[in-house]
Amino acid sequence: MSKNSENKLVPNLRFPEFKNDGEWKESLLNEVSPAIFDGTHQTPKYTESGVPFFSVENIISRNKNKFISKKDYLLATSKNKPEKGDIIITRIGNIGTSKVIDWDYEFSVYVTLAIVKKSSIFDSHYLHSYFQSSRYQKEILSKSLLNAVPCKINMDELRKTKILLPPDKEKAEQQKIASCLSSLDEVISAESQKLEVLKDHKKGLLQNLFPKEGETVPKFRFKEFEDSGEWVEKKLGEVYEFKVTNSFSRDCLQYENGEVKNIHYGDIHTKFNTLFDISKENVPFINSDIPIEKIKEECYCREGDVIFADASEDLNDVGKSIEVIKLDNKRLVSGLHTLLARQRDYILTIGFGGYLFKSDWIRKQIQREAQGAKVLGISASRISNINIKFPKSNYEQQKIASTLSSIDDLINAQNQKLEALQLHKKGLLQGMFPNTLTN
């Protein structure tokens, strides 16, 4: 590819065979497509089987299809019918997400989706790729009703969005761009599937390396521990005691510098690893103008501590936890909406507790103890009453923790690989389409 930095309607990255083909042409979407229409406005009556019916969820998250009757399908498509080669684009919620129709079977779509009919002017896969470019995403967002909940774009505004096409009427440059980006999408899809396989494997291990409710040993046990007897069962409060935490909000935290770092419950929900190594995590400092003299020494985190997020709007996340396994002599405290649990006699090896509190039976108990309506909460007293089970042997505990930690390492590496590919795609999308904006 060659680079062209002139302030013209040409991309910065262009395949060599097209570098002398001149500027691209700007058109309105309704000038290049023979028809642009949305789906049915009627609330569908779903059936167990029948004609597939798509809405935004099918495009965004690839949810399973819903179905409508053949009669309702014929009514919904009496005027306009989506066909292979057309492009589906979302116009409500996460607007501007698209997919080329590459299947032959009959289907219908809801009003939340629009259909851009195929045309001899553009290659459908090229236009799908162009829809993902930052230039088009900025444009469709600028024409949307941002104050609407959820965000949406009217059909007339969608039809007036601007499209850039290379000058080649044979669509060779379009096809080359589409092929390049489609190949990368296939790689990203394959790597995403590998990530899901790893996550499923971890989920299976968490289900089987810890005893289920009513059981005294796990379904899977390492061979050297098969004759080691039943696991010990105790109340969580018999093994852990709880220390005082602070209530510093995000406004009291920053990432530049400071003496003491602070665990915010939101970071437990969104980014921290199960086994918390301070050298590998991006943790905010407490602002220098916030007094910390009153924090007791015993309330600073120690290796082996488990920190629970005590509030969540989602039942699946309430009581989500991390275990501190490495501090590197750094000062760390547990903050807003957290519970800081410390072992009384250190009978659990460091690393085991992190995964123990991810196991199915423990999670179900925590969820049962949660209270609240819109926001669910768990208190130290209530979580102290749940039952936990663990092997007597620290070596068996360590073997379980090491196994799950190894899977987490593979998941993190796969995540990084996927992020690198997505970053590469973002760079291509920025470079392969002109960025110059016109009025």
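Residues numbered from 1 in each chain as written. Predicted model: local features only at pLDDT ≥ 70, side-chain atom pairs only at ≥ 80, totals over all residues. Heavy atoms only, no water.

Trainee: Where do I start with the overall build of the protein chain in this structure?
Mentor: Of regular secondary structure, the protein chain possesses 13 helices and 24 strands. Taking all 439 residues of the protein chain together, 48% fall into the buried category. Total accessible area on the protein chain is roughly 22,700 Å²; 49% of this is exposed by carbon and sulfur atoms. Each charge sign in the protein chain was given a centre, from 64 positive and 61 negative side chains, and these centres are 3 Å apart. (Helix = DSSP H or I, 4+ residues; strand = E, 2+ residues; numbered from the N terminus. Buried < 20%, exposed > 50% of the residue type's maximum accessible area, 1.4 Å probe, protein only. Areas by Shrake-Rupley, 256 points an atom, 1.4 Å probe, with all protein chains shown as cover. Lys, Arg positive; Asp, Glu negative; His and termini not counted. Charge placed at Lys NZ, Arg CZ, Asp CG, Glu CD.)

Trainee: Is there a simple way to think about the packing of helix H7 (residues 172-208) against helix H13 (residues 394-431) in this case?
Mentor: Working note: a packed helix pair is described by the angle between its axes plus the distance between those axes. As a packed pair, H7 and H13 sit with axes 10 Å apart at the nearest point and diverge in direction by 160°. Viewed along their axes, H7 and H13 adopt a mutual orientation that is roughly antiparallel. Like other packed secondary-structure pairs, H7 and H13 cross with a definite hand, here left-handed. Residue classes in the contact of H7 with H13 are distributed as 17 nonpolar, seven polar and eight charged. (Axes fitted to C-alpha atoms, helices over the stretch in contact; angles between N-to-C directions. Parallel < 35°, antiparallel > 145°, perpendicular 65-115°, else oblique. Left-handed = near helix turned anticlockwise from the far one by under 90°. Nonpolar A, V, L, I, M, F, W, Y, C, P; charged D, E, K, R; others polar.)

Trainee: Would you explain helix H5 (residues 134-142) in this entry?
Mentor: Owing to its 3.6 residues per turn, the α-helix aligns residues three or four sequence positions apart on the same side. Of all the positions in H5, only Arg135, Tyr136, Glu139 and Ile140 are classed as buried. Viewed end-on, H5 has its buried residues packed into an arc of 120°, placing them on one side of the element. In H5, those exposed residues whose orientation departs by more than 90 degrees from the buried face are Lys138 and Ser142. Those residues of H5 that are buried are in contact with strand E3 (25-28), helix H1 (29-32), strand E7 (87-90), helix H4 (124-131), helix H6 (155-159) and strand E11 (162-165). (Arc of directions from axis to C-beta. Contact = heavy atoms within 4.5 Å.)

Trainee: Could you clarify how one ought to interpret empty space enclosed by the protein in this entry?
Mentor: Any empty space left between the atoms is revealed when a probe the size of a water molecule rolls over them. Counted according to the given criterion, the structure contains one cavity of 30 Å³ or more. For the largest cavity, the calculated volume is near 30 Å³. Here the lining of the largest cavity is built from residues that sort into six nonpolar, one polar and one charged. (1 Å grid on protein atoms, 1.4 Å probe; cavity = no way out; pocket = protein on both sides within 12 Å on 5 of 7 lines; lining within 4 Å. Points joined across faces, edges and corners; volume = space filled by probe spheres on them.)

Trainee: Honestly, the nonpolar core in this entry has me stumped. Any pointers?
Mentor: The nonpolar side chains of a soluble globular protein tend to be buried, and buried together. Membership of the largest hydrophobic core comes to 76 residues, with the highest contact counts inside it found for Leu29, Leu158 and Phe210. In terms of nonpolar packing, the next biggest core, distinct from the first, is built from 14 residues, Ile307, Leu327, Leu332 and Leu340 among them. (Core = buried A, V, L, I, M, F, W, Y, C linked by side-chain atoms within 4.5 Å.)

Trainee: What should I look at first to understand the side chain of Lys171 in this one?
Mentor: Within the secondary structure, Lys171 is located in the loop between E11 and H7. The charged side chain of Lys171 is buried without a salt bridge, its nearest counter-charge being Asp123 at 5.9 Å. Once residues lying within four places of it in the same chain are set aside, the contact partners of Lys171 are Ser119, Ser120, Ile121, Phe122 and Asp123. (Salt bridge = Lys/Arg side-chain N within 4 Å of Asp/Glu carboxyl O.)

Trainee: Please clarify how the pattern of salt bridges should be interpreted in this entry.
Mentor: Applying the stated rule across the entire model yields 26 salt bridges. Notably, a salt bridge pairs Glu191 with Lys194, separated by 3.4 Å at the nearest N-O pair. Of the two residues, Glu191 and Lys194 are both situated in helix H7; the distance of three residues between them amounts to about one turn of the helix. Classification of Glu191 by relative accessible area gives buried; the value is 7%. Salt bridges linked by common partners bring Glu241, Lys243, Glu298 and Arg344 together as one network.

Trainee: Would you explain the packing of aromatic side chains in this entry?
Mentor: The description of two aromatic rings rests on the distance between their centres and on the angle between their planes. Per the counting criterion, the structure on display carries 20 aromatic pairs. Geometrically, the ring pair formed by Trp24 and Phe433 is edge-to-face, given 6.3 Å between the ring centres and 90° between the ring planes. Placement of Trp24 in the loop between strand E2 (13-14) and E3 and of Phe433 in the segment after H13 is noted, with a sequence separation of 409 residues between them. Judged by relative accessible area, which is 4%, Trp24 ranks as buried. Both rings, one in Phe272 and one in Phe276, keep their centres 5.2 Å apart while their planes meet at 80°; by these two values the pair is edge-to-face. Accessibility assignment for this pair places Phe272 and Phe276 in one class, buried. Chaining the aromatic ring pairs together yields one cluster made of Trp24, Tyr126, Tyr130, Phe131, Tyr136 and Phe433. Its guanidinium or amino end placed over the ring of Phe15, Lys176 lies 4.6 Å from that ring's centre, counting from NZ or CZ. (Phe/Tyr/Trp six-rings, centres within 6.5 Å; stacked < 30°, edge-to-face > 60°. Lys NZ or Arg CZ within 6 Å of the ring centre and 35° of its normal.)

Trainee: Which parts of the structure should I look at to understand the side chain of Lys425?
Mentor: Considering the arrangement of structural elements, one finds Lys425 in helix H13. Owing to a relative accessible area of 13%, Lys425 belongs among the buried residues under this scheme. If we ignore the near neighbours within four places in the chain, the residues touching Lys425 are Gln132, Leu184, Asp185 and Ile188.

Trainee: Just to check I follow, could you spell out the sheet that holds strand E16 (residues 275-277) for this structure?
Mentor: In any sheet, the strands associate via hydrogen bonds between backbone groups, in a parallel or an antiparallel arrangement. Strand order in the open sheet made by the five strands is E13-E22-E18-E20-E16, with mixed pairing throughout. The strands lining the two open edges of the sheet, one partner per strand, are strand E13 (240-243) and E16. Taking the axes of each pair of neighbouring strands and ignoring which way they run, one obtains an average angle of 35° across the sheet. Bridge analysis of strand E18 (residues 306-309) against strand E22 (residues 338-343) gives four bridges, and the strand direction is antiparallel. (Pairing = 2+ DSSP bridges.)

Trainee: What am I meant to see in the sheet that holds strand E9 (residues 108-109) here?
Mentor: As summarised here, the arrangement of the three strands in space is E6-E5-E9, forming an open sheet in which the pairing is mixed. Lying at the two open borders of the sheet, with one neighbouring strand each, are strand E6 (66-68) and E9. With three bridges connecting them, strand E5 (residues 51-54) and E6 associate as antiparallel partners. Each residue of the ladder has a partner; that of Pro52, found in E6, is Phe67.

It is worth stressing that arrangement in space is one thing and function is another; only the former is reported here.
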